[in-house]
Amino acid sequence: MTGLVDEGNDMTDEEIIRLYFDRDQKAIAETAVQYGKQLHSVSYRVVYDTETAEECVNDTYYRAWNNIPPDSPVTYLYPYLARIVRCFSIDRYRHMHAEKRDSSIVYLTDEIDSCLMTRDTGEDIVDRIAFAESMNRFLEDLKSEQLVVFMRRYWYMEDIKDIAEFCGYSESKVKSMLMRLRNRLRKHLLQDGILVD
C-alpha cells in the first residue's frame, strides 16, 4: 500500500480523518502520501528489513482503517500511526528473533527497563493510566532538545550516532544526556509513586 498516490496535494490530518469516517478508501492512500515514508522509517529502525517494514506499515494502514472510527486522532494522527507501526514492528522483530537476545531492540528495552523497574501491576488499568499521566508530565517538563533526544532514542529507536548527527552533538554528549534523562525519569516516577525502591 505504500506509494499509492503521487505526492503533491497534501491533505490535512483533519481531512484524512474525515475520509476514514466517511469510509472512503482514499483515506489509506492519503495516509500513505502524508506519512508512509516516516512510518516505514520507524518500522525499519526496529526490524532492519525493508520488506518486513513495508508489511508493518501496511498492517498499520489496515489497523487505522478498522479503528477510525471510533478513534478520532485529528490532532495527533502521526503519533497515533507511529505507535501502531512501532507495536507491529516490535512484535515482528520478537517473532523473527525469538531465540536471540543480542539485538539492539533488546538492548534498548533493557536500557529503559533498568530505569523503569516497577512493581508488577499486571493489566491494572488504573496503574497504566497513572503511569501515562506521569510520563506526560515528565515529557512536558523537558527542554525541547532533551525531548528530541529522548523521543528519538526511546520512541523511534534511533541509534546514538543518528541522533548525534541530527542534533549536531557528539555521541558522548547524546549518551550522557540519555543517562541523565533516565535518572531524572526514574526520580520523577519515584516521586509520583509509580516506582518503588
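Here, the structure is the one placed above.
Attention in this report is confined to the structure presented alongside it. Note that the coordinates shown come from a computational prediction; the quantities given were computed from them, not determined experimentally. (Residues numbered from 1 in each chain as written. Predicted model: local features only at pLDDT ≥ 70, side-chain atom pairs only at ≥ 80, totals over all residues. Heavy atoms only, no water.)

**Concerning the packing of helix H2 (residues 26-47) against helix H4 (residues 77-96)**
- Two elements in contact, H2 and H4, have axes whose closest approach is 9 Å; the angle formed by their N-to-C orientations is 35 degrees. Judged by the twist between their axes, the crossing of H2 over H4 is right-handed. Here Thr 31, Tyr 35, Gln 38, Leu 39, Val 42, Ser 43, Val 46 and Val 47 of H2 come into contact with H4, specifically with Leu 77, Tyr 78, Leu 81, Ala 82, Val 85, Arg 86, Ser 89, Ile 90, Arg 92, Tyr 93 and Met 96.
- Here the contact of H2 with H4 is built from residues that sort into 13 nonpolar, 4 polar and 2 charged. (Axes fitted to C-alpha atoms, helices over the stretch in contact; angles between N-to-C directions. Helix = DSSP H or I, 4+ residues; strand = E, 2+ residues; numbered from the N terminus. Left-handed = near helix turned anticlockwise from the far one by under 90°. Contact = heavy atoms within 4.5 Å. Nonpolar A, V, L, I, M, F, W, Y, C, P; charged D, E, K, R; others polar.)

**Describing the packing of aromatic side chains**
- What the rule picks out here adds up to 6 aromatic pairs.
- Here the aromatic rings of Phe 138 and Phe 150 are separated by 5.6 Å at their centres, their planes lie at 65 degrees, and the arrangement is edge-to-face. Of this pair, Phe 138 sits in helix H6 (residues 125-140) while Phe 150 sits in helix H7 (residues 144-154), and the two are 12 residues apart along the sequence.
- A relative accessible area of 2% places Phe 138 in the buried class.
- Aromatic ring contacts, followed pair by pair, group Phe 138, Phe 150 and Tyr 154 into a single cluster. (Phe/Tyr/Trp six-rings, centres within 6.5 Å; stacked < 30°, edge-to-face > 60°. Buried < 20%, exposed > 50% of the residue type's maximum accessible area, 1.4 Å probe, protein only.)

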